[in-house]
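# Topology and contacts: notes
Now for the letters of each chain:
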Amino acid sequence: MKFETLCLHADGNKKDEWGTITAPVCQSATFVHKGVGVQSEYSYSRLSNPTRAHLENTVAQLEGGAAAFAFSSGMAAVATVMKLFKQDAHIIASEDLYGGSLRLFRNVNSAEGMTFDFTDTGDIARVQSLINKSTKAIYCETPSNPLMQVSDIAALADLARKNGLALIVDNTFLTPYFQRPLDLGADIVIHSGTKYLGGHNDVLAGFAVVKTDGLAERVAYYAKTIGACLAPWDSFLVERGIKTLPLRMDRISANAREIAEWLRGRAEVKRVYYAGFADNAGYAVSVRQSTGFGGMISFEVESKALAESILRNIKVFQYAESLGGVESLITYPMLQTHADVPVEERERRGINDRFLRISVGIENVADLIEDLRQAFGQ
Ligand SMILES: *Cc1c(COP(=O)(O)O)cnc(C)c1O
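Notes on the structure in this doc start here. Fair warning: this is a prediction, and the values are worked out from it, not measured in the lab.

## Description of the packing of helix α2 (residues 50-63) against helix α9 (residues 232-243)
Here α2 crosses α9 at 35°, and the two axes come no closer than 8 Å. α9 is crossed by α2, and the crossing has left-handed handedness. Along its contact with α2, which presents Thr 51, Arg 52, His 54, Leu 55, Thr 58, Val 59 and Leu 62, the element α9 presents Pro 232, Ser 235, Phe 236, Val 238, Glu 239 and Ile 242. Split by residue class, the contact of α2 with α9 holds 7 nonpolar, 4 polar and 2 charged.

In C-alpha cells, the structure reads:
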C-alpha cells in the first residue's frame, strides 16, 4: 500500500469481531487470563494495550520499522531509548537539538556517567573525528531545530555501520511522509507525536521506531519497565491525527514556502532559515533524502523591538511553544525552547533577541501573510 492508504488501513482493516471502522478506545488497565498460566494477548496496559498496539503498528509501517513503541511524550521516548546505553557510553549528537533533548543529555544522562559531544552532524568528517573507543551512537535531528541544518542520514549511517555505532534520528520535523530514516540506514527513529503525527495541538505523545527485532526486544523491555507508555485515549487521538497526515503536510509545506519567500522579501528581515531554499546549506542533501521541506521557518529581524512587537501584534499566528499542529504558532526561542542554552553559545549560533521561529499551520496562506504584514507594522 502507498503511504496515504497506510495512514488509514495499516491494519488491513482487521480490528475486531464487531467490524469497527476506527480502532476503539480500549480503556482497560488489565485483562482476564484465559486459564491458569494461560496468557491472553493482553495482560496489563503498561505492557501493551489494544488501542496503543493498533497505533504502534500504524507508525511502524509508516516508518518502515520492525516495531514502534508509543510513549506519553517525545521526551519519554528519548529518555527510554537512552536506557539502551551503558553508563560509560559516549554519544555524538547534533548541537542544534531540541532543547529538552539537550537538557536530558547534558543534565540527566551526563550526571549518570554518559558523555556527549555536540557538533554539526552535517559535517561528516567532524563527526568521524569525534568517534572514540566508548562511542556507541550518533543522535541527530534533520532538519534541525531551529536553524534548519541538514545532516546526510545515509552518510551518517555508513559511518555508524563502519564503527559499530547506532544511528538515532529524530524525525519529528519531516515525519515519514517526507523522510524515512530507517530506509536510509538509521537504526532508531524518534518522534514527538505531539507535533505533526498528532497534528492538532491536543495531545502529547512520543515514538521510538526500531529497524530490527533485536532492538525491538530491548526497547520493549525498557518501555514496560520504565512505564512511560501512551494512554488508550491519547493513542486514539494520535491515530486519528495520522489519518490526515499527508493532507496536512502537503498544505503546511505549500503554505511554508510562500511565507518563507514573503519573509525573505522584507527589508526588516535579515535572514530566513528554511530547508526549502536552494541556498540553505545542505539543500542538495535535503532534496536527495526527503520529499518535502516541512513547515518550520526561523528568521532574524533587524531589532529586538521589532521581534517583540511582532509577538505582541500577531493575531492569526498564536504566540505559543510547540509546533506541527493545524494552527500556526510563533515562538521566541531565546525565551522558550532555548532558554536553558548558555548565552554565549546561543549568540554564537544566531539564536539572539531578534530571532523568531514559526510553525506554519493549515490556515489560508493569504490570512497568514496578511497577519505577518500587520504585525510587522506594514
Ligand atoms: C517537541 C520535540 C521533542 C519532545 O517532544 P515532547 O512531546 O514535547 O516531549 C523532541 N524532539 C523534537 C524535534 C521536538 O520538536
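## Side note on the sheet that holds strand β8 (residues 269-273)
Spatially, 5 strands are ordered β8-β9-β12-β11-β10 in an open sheet, and the strand pairing comes out mixed. The open sheet has two free edges, formed respectively by β8 and β10 (318-319), since each of these has just one partner strand. Where strand β11 (residues 329-331) and strand β12 (residues 355-359) come together, 3 bridges link them in antiparallel fashion. Its bridge partner lying in β12, Ile 330 is registered against Ile 358.

## What to know about the packing of aromatic side chains
Overall, the coordinates contain 14 aromatic pairs when judged by the stated rule. Look at Tyr 274 and Phe 277: their rings are 5.2 Å apart centre to centre, the planes differ by 85°, and that puts the pair in the edge-to-face class. Following the ring pairs from residue to residue traces out a cluster consisting of Phe 105, Phe 116, Phe 118 and Tyr 139. Cation over ring: Arg 106 sits above Phe 118, and NZ or CZ is 4.9 Å from the ring centre. The ring centre of Phe 376 lies 5.0 Å from the NZ or CZ of Arg 266, which sits over that ring.

Definitions and limits used
- Residues numbered from 1 in each chain as written.
- Predicted model: local features only at pLDDT ≥ 70, side-chain atom pairs only at ≥ 80, totals over all residues.
- Heavy atoms only, no water.
- Axes fitted to C-alpha atoms, helices over the stretch in contact; angles between N-to-C directions.
- Helix = DSSP H or I, 4+ residues; strand = E, 2+ residues; numbered from the N terminus.
- Left-handed = near helix turned anticlockwise from the far one by under 90°.
- Contact = heavy atoms within 4.5 Å.
- Nonpolar A, V, L, I, M, F, W, Y, C, P; charged D, E, K, R; others polar.
- Pairing = 2+ DSSP bridges.
- Phe/Tyr/Trp six-rings, centres within 6.5 Å; stacked < 30°, edge-to-face > 60°.
- Lys NZ or Arg CZ within 6 Å of the ring centre and 35° of its normal.

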